[in-house]
Amino acid sequence: MNREHHYSVDAEWLGNRGTGTSAYREYGRTSIVRAEAKHPIEASADRTFHGDADRWNPEELLLAALAECHMLSFLHVAVLHGVVVTGYTDHAEGVMVQEGEGGRFVSATLHPVVEVSSAVTDEEMKRLHHEAAEKCFIANSMNFPVEHEPSLVRR
């Protein structure tokens, strides 16, 4: 059964320094992203592109979405298979290639560290991550590979 889910966010540019986009270095890259009933996200371009390094940039937000989606999918899969997860962290990395004025991500690698209190083998853990990857809406929407290099901590 196919079901549609709709999402909505608002993005507002805050970088007009009085002359708008009159020149490349004359405007700020700061913005704010909002969604109903949520805390706003202070965003900007990457520092490389004259953005504010103290704010989230779109590239970081993409990696955050990939890491979060895989984590939530993995926790779901763990429950389905009777694996008790007691901790989960991830360090996501991505590679973006600039091509002229544009560019694109060419890869992302997630490094989840999963803490479990139930008996599970390394091979079973790999299968759970594979199943979670198949269920992750965000990763399945990308046109570049999303790899996983998981670690297991038994408690």
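Within each chain, residue numbers correspond to sequence positions counted from 1 in written order. With the structure being a predicted model, the display of local features is reserved for residues of pLDDT at least 70 and the display and counting of side-chain atom pairs for 80 or more, all residues being used for whole-chain, interface and lining totals. Heavy atoms from the whole structure form the basis of all side-chain values; hydrogens and water molecules are not counted.

**Comments concerning the pattern of salt bridges**
Right, on to step 1. A carboxyl oxygen of Asp or Glu within 4 Å of a side-chain nitrogen of Lys or Arg is what we treat as a salt bridge. Going through the model one piece at a time under the given rule, you end up with five salt bridges.
Right, on to step 2. The closest approach of N and O atoms between R55 and D52, which form a salt bridge, is 3.9 Å.
Right, on to step 3. The rule is simple: take the accessible area with a 1.4 Å probe, protein chains only, and divide by the maximum for that residue type; under 20% is buried, over 50% is exposed, in between is partly exposed. Looking at R55, the relative accessible area reads 17%, which means it is buried.
Right, on to step 4. On the basis of relative accessibility, which here comes to 28%, the residue D52 falls in the partly exposed class.
Right, on to step 5. Residue D122 pairs with R154 through a salt bridge whose shortest N-O separation is 3.0 Å. With D122 in helix α2 (residues 122-135) and R154 in strand β9 (residues 151-154), this pair connects stretches of sequence that are 32 residues apart. For the purposes of this entry, the term helix denotes a DSSP run of H or I that reaches at least four residues, the term strand denotes a run of E that reaches at least two, and both are numbered from the N terminus.

**Re the side chain of S44**
Right, on to step 1. Tracing the sequence through the fold places S44 in the loop between β3 (41-43) and α1 (58-80).
Right, on to step 2. For S44, a relative accessible area of 5% translates into the label buried.
Right, on to step 3. Two N or O atoms form a polar contact when they lie within 3.5 Å of each other; inside protein one atom must be a possible hydrogen donor and the other a possible acceptor, and for residues adjacent in sequence the pair counts only when both atoms belong to side chains. Within the structure, S44 has its side chain in polar contact with the backbone oxygen of R29 (distance 3.5 Å).
Right, on to step 4. In this structure the side chain of S44 is engaged in a polar contact, spanning 2.8 Å, whose partner is the backbone nitrogen of D52.

**Things to note about unusual backbone geometry**
Right, on to step 1. Of note in the backbone geometry, A37 takes a positive phi value of approximately 65° without being a glycine.
Right, on to step 2. As for its placement among the helices and strands, A37 is situated in the loop between β2 (31-34) and β3.
Right, on to step 3. Overall, A37 belongs to the exposed group, its relative accessible area being 84%.
Right, on to step 4. In this structure, H50 takes a positive phi of about 70° despite not being glycine.
Right, on to step 5. With respect to the secondary-structure elements, H50 resides in the loop between β3 and α1.

**Digging into the confidence of the model for the protein**
Right, on to step 1. Here pLDDT means the predictor's own confidence in every residue, given as a number from 0 to 100. On average, residues of the protein score 94 in pLDDT, and 100% of them are at 70 or above.
Right, on to step 2. The element-level mean pLDDT for the protein is lowest in β9, coming to 90, with α1 highest at 97.

**Describing the environment of H130**
Right, on to step 1. Within the fold, H130 resides in helix α2.
Right, on to step 2. Each C-alpha atom of the pair H130 and H70 lies 9.9 Å from the other, and the pair is 60 residues apart in sequence.
Right, on to step 3. Within the structure, H130 has its side chain in polar contact with the side chain of E134 (distance 2.9 Å).

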